[in-house]
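The residues making up each chain are set out below.
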Amino acid sequence: MLKGINPILNGDLLALLDQMGHSDTVVIADAHFPAYRISDVVVDVAQGSPEVTAAVCSVLELDDVNAVQLMDSEGQALAVQDELVAAAGNPSADRVGLVERYAFYEEAKKANFIIRTTETRIYANVILSKGVTPSS
């Protein structure tokens with residue numbers, strides 16, 4: 001175990017995140033999401049979607065554009081989606097988007113990989129777009 005790294009982020013997951021470049025995307029998906037049909041690279045994590053989102057965002061700088069894309073819950077405001085945005089660091093409203101369900105699946109196909117969680121609440125899916133890590 002590494003000091004200061006969220007234990008959700010195992011070595012394989014950290015390596016995949018490290019390989020991402022500017023504007024590359026990662027999907028954090030609920031347990032209902034067809035991850036293995038959509039992607040050849042799927043990492044299973046036995047945690048909820050908000051917890052995994054927070055862990056990923058602890059090491060991943062989000063992009064200025066389309067930083068957080070949520071699956072549109074057909075006009076319903078769902079608590080789990082608020083939790084996902086909060087876990088991503090509460091980016092400004094112009095950096096958070098809603099994507100229609102089937103369009104979300106198409107966007108997910110373009111992602112570098114999918115993290116499938118054990119989250120059972122519906123619409124607990126998010127696409128995160130990697131930004132540029134600022135120099136220190």
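In the block above lies the structure referred to throughout.
If you're wondering where the values come from, they're calculated on a predicted model, not measured in any experiment. (Residues numbered from 1 in each chain as written. Predicted model: local features only at pLDDT ≥ 70, side-chain atom pairs only at ≥ 80, totals over all residues. Heavy atoms only, no water.)

1. What to know about unusual backbone geometry
Most of the time, phi is negative for any residue but glycine, and the peptide bond is trans. The phi angle at Asn-90 is positive, at roughly 50°, despite the residue not being glycine. Relative to the elements of secondary structure, Asn-90 occurs in the loop between α4 (79-87) and β4 (96-99). A residue is classified by how much of its surface remains accessible, and Asn-90, at 52% relative accessible area, is exposed. A positive phi angle is found at Tyr-123, which is not glycine, with a value near 60°. As for its placement among the helices and strands, Tyr-123 is situated in the loop between β5 (113-116) and β6 (126-129). (Helix = DSSP H or I, 4+ residues; strand = E, 2+ residues; numbered from the N terminus. Buried < 20%, exposed > 50% of the residue type's maximum accessible area, 1.4 Å probe, protein only.)

2. Comments concerning the pairing of strand β1 (residues 25-29)
Along β1, 5 of the 5 residues are buried, which leaves the element largely enclosed by surrounding structure. Neither face of β1 is open: one carries Thr-25, Val-27 and Ala-29, the other Val-26 and Ile-28, and all of them are buried. Of the pairings in the sheet, the one linking β1 to β6 comprises 4 bridges and is antiparallel in character. Considered in β6, the bridge of Val-26 is made with Leu-128. Where β1 and β5 come together, 4 bridges link them in parallel fashion. Across the sheet, the residue bridging to Ala-29 is Arg-116, located in β5. (Pairing = 2+ DSSP bridges.)

3. Some words on the pattern of salt bridges
Inspection of the entire model under this criterion finds 5 salt bridges. The partner of Arg-121 in a salt bridge is Glu-83, with the nearest N and O atoms 3.0 Å apart. Of this pair, Arg-121 sits in the loop between β5 and β6 while Glu-83 is found in helix α4, placing the two residues 38 residues apart along the sequence. Of the charged contacts, one joins Lys-109 and Glu-106 as a salt bridge, the two residues approaching to 3.0 Å between their closest N and O atoms. Taken together, the positions of Lys-109 and Glu-106, both in helix α5 (residues 101-109) and 3 residues apart, correspond to about one turn of that helix. For Lys-109, a relative accessible area of 45% translates into the label partly exposed. Glu-106 sits in the partly exposed class, given a relative accessible area of 41%. What you see here is one network of salt bridges that share partners, running through Glu-83, Glu-119 and Arg-121. (Salt bridge = Lys/Arg side-chain N within 4 Å of Asp/Glu carboxyl O.)

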